[in-house]
Amino acid sequence: MRQALLIIDVQPGFDPPQWLVEGIGRLIGIMPSVATVERHDEAVTPFRRQLGWVPAPDDDSLIAADQVHVKHGYGPPPETLAYLKGIKPERVLVCGIQTDTSVLAAGFALFDAGLMPTLISDLTVGSSLDRSGELGVRLWRHHFRHVVTSRELGLADPRTA
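Here the structure is a predicted model, which is why all the values come from computation and not from measurement.

Q: Sorry, what's going on with the sheet that holds strand S5 (residues 117-125) here?
A: Sheet strands pair via backbone hydrogen bonds, and the direction of the pair is either parallel or antiparallel. The strand order across the open sheet formed by six strands is S3-S2-S1-S4-S5-S6, and the pairing between neighbours is parallel. Sheet topology places strand S3 (67-71) and strand S6 (147-148) at the edges, where each strand pairs with a single neighbour.

Q: Explanation requested: the environment of valine 137 in the structure shown.
A: The residue valine 137 is located in helix H5 (residues 134-144) in this model. Considered as a pair, valine 137 and threonine 99 are 38 residues apart in the sequence and their alpha carbons are 6.8 Å apart. Residues contacting valine 137, with those up to four places away along its chain left out, are Thr99, Leu119, Ser121 and Val147.

Q: Please explain the pattern of salt bridges as it appears in this structure.
A: For side chains bearing opposite charge, pairing can occur when the charged atoms are close. Across all of its chains, the model carries three salt bridges by this definition. Of the charged contacts, one joins glutamate 38 and lysine 71 as a salt bridge, the two residues approaching to 3.1 Å between their closest N and O atoms. One end of the pair, glutamate 38, is in strand S2 (residues 33-38); the other, lysine 71, is in strand S3, and 33 residues separate them in sequence. For the pair formed by glutamate 38 and lysine 71, the shared burial category is buried. A salt bridge links arginine 39 to aspartate 60, with the shortest nitrogen-to-oxygen separation between them at 2.9 Å. Taken together, the positions of arginine 39 in the loop between S2 and helix H2 (47-51) and aspartate 60 in the loop between H2 and S3 put the pair 21 residues apart, joining distant regions of the chain. Salt bridges linked by common partners bring Asp9, Glu38 and Lys71 together as one network.

Q: How do you make sense of the packing of helix H4 (residues 102-112) against H5 when you look at a structure like this?
A: Two quantities define a packed helix pair, namely the angle between the helix axes and the distance between the axes. The geometry of H4 relative to H5 is characterised by a closest axis approach of 10 Å and an angle of 10 degrees between their N-to-C directions. When the axis of H4 is compared with that of H5, the two are roughly parallel. Contacts between H4 and H5 pair Val103, Leu104, Gly107, Phe108 and Phe111 from the former with Leu139, Trp140, His143 and Phe144 from the latter. Of the residues contributing to the contact of H4 with H5, the split by class is seven nonpolar, two polar and no charged.

Q: Help me understand the side chain of aspartate 122 in this model?
A: On the secondary structure map, aspartate 122 appears in strand S5. Within the buried core, aspartate 122 has no salt-bridge partner, and the shortest N-O distance to an opposite charge, that of arginine 159, equals 6.1 Å. Of the polar contacts made by the side chain of aspartate 122, one reaches the backbone nitrogen of serine 150; its length is 2.9 Å.

Q: Before we go on, may I ask you to explain a nonpolar patch on the surface in this structure?
A: Where nonpolar side chains cluster on the molecular surface, the patch consists of Leu51, Trp53 and Tyr74 and spans about 300 Å² of accessible area. Along the chain, the position of tryptophan 53 falls in the loop between H2 and S3.

Q: Which parts of the structure should I look at to understand the packing of aromatic side chains?
A: Both the distance between ring centres and the angle between the ring planes are used here to describe each pair of aromatic rings. Enumeration over the complete set of coordinates arrives at three aromatic pairs. The interplanar angle of 70 degrees and the centroid separation of 5.1 Å between the aromatic rings of phenylalanine 108 and phenylalanine 144 together place this pair among those described as edge-to-face. With phenylalanine 108 in helix H4 and phenylalanine 144 in helix H5, this residue pair connects regions lying 36 residues apart in the sequence. Among the residues examined, phenylalanine 144 registers a relative accessible area of 6% and is labelled buried. Taken together, a centroid distance of 4.9 Å and an interplanar angle of 70 degrees make the contact between tryptophan 140 and phenylalanine 144 edge-to-face. Of this pair, tryptophan 140 and phenylalanine 144 both sit in helix H5, four residues apart, which is roughly one turn of that helix. Each member of the pair, tryptophan 140 as well as phenylalanine 144, carries the same accessibility label: buried.

Q: What's the story with the side chain of aspartate 100 in this structure? I'm lost.
A: Mapped onto the secondary structure, aspartate 100 falls in the loop between strand S4 (91-97) and H4. At 2.8 Å, the side chain of aspartate 100 forms a polar contact with the side chain of serine 127. With residues up to four places along the chain from it excluded, the contact list for aspartate 100 reads Gly126, Ser127, Leu129, Asp130, Leu135 and Gly136.

Calculation rules
- Residues numbered from 1 in each chain as written.
- Predicted model: local features only at pLDDT ≥ 70, side-chain atom pairs only at ≥ 80, totals over all residues.
- Heavy atoms only, no water.
- Pairing = 2+ DSSP bridges.
- Helix = DSSP H or I, 4+ residues; strand = E, 2+ residues; numbered from the N terminus.
- Contact = heavy atoms within 4.5 Å.
- Salt bridge = Lys/Arg side-chain N within 4 Å of Asp/Glu carboxyl O.
- Buried < 20%, exposed > 50% of the residue type's maximum accessible area, 1.4 Å probe, protein only.
- Axes fitted to C-alpha atoms, helices over the stretch in contact; angles between N-to-C directions.
- Parallel < 35°, antiparallel > 145°, perpendicular 65-115°, else oblique.
- Nonpolar A, V, L, I, M, F, W, Y, C, P; charged D, E, K, R; others polar.
- Lys, Arg positive; Asp, Glu negative; His and termini not counted.
- Polar contact = N/O pair within 3.5 Å; in protein donor to acceptor, adjacent residues only side chain to side chain.
- Patch = residues over 30% accessible without salt bridge, like charges linked within 9 Å, V, L, I, M, F, W, Y side chains within 5 Å.
- Areas by Shrake-Rupley, 256 points an atom, 1.4 Å probe, with all protein chains shown as cover.
- Phe/Tyr/Trp six-rings, centres within 6.5 Å; stacked < 30°, edge-to-face > 60°.

Next up, the structure:
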């Protein structure tokens, strides 16, 4: 099965746990990969005005993906979707930060683009509302059905490896 990996916002400003960075890192080189990095531009997305919070202005991805795309807001930028559509994967494996917000937004964008979003449930961390990510996994399963674990991909459990 031709797969691609989409890594959402694994960057210093979101303080990802080391097990997440290392777990995702084990997938690099196995399949094509693209990472997003959230940056602040109030003229594009009103984080400060609406939420009283802003992402870092200069964070970089902690994952050495084949491509890294800057985004402003929850969903992936158009160039991320264009890259993924161009390589024609049978499914897009999704992992990263904020399972119940940005990761879920990526799922909707992938689905709407005609791609098959598949969450790697043990390679995500939820938002401050649910750091476990379980809410996001439940929403993902409800909307897209396709959820896998690291073990199902032939990798060790990232929290114990």
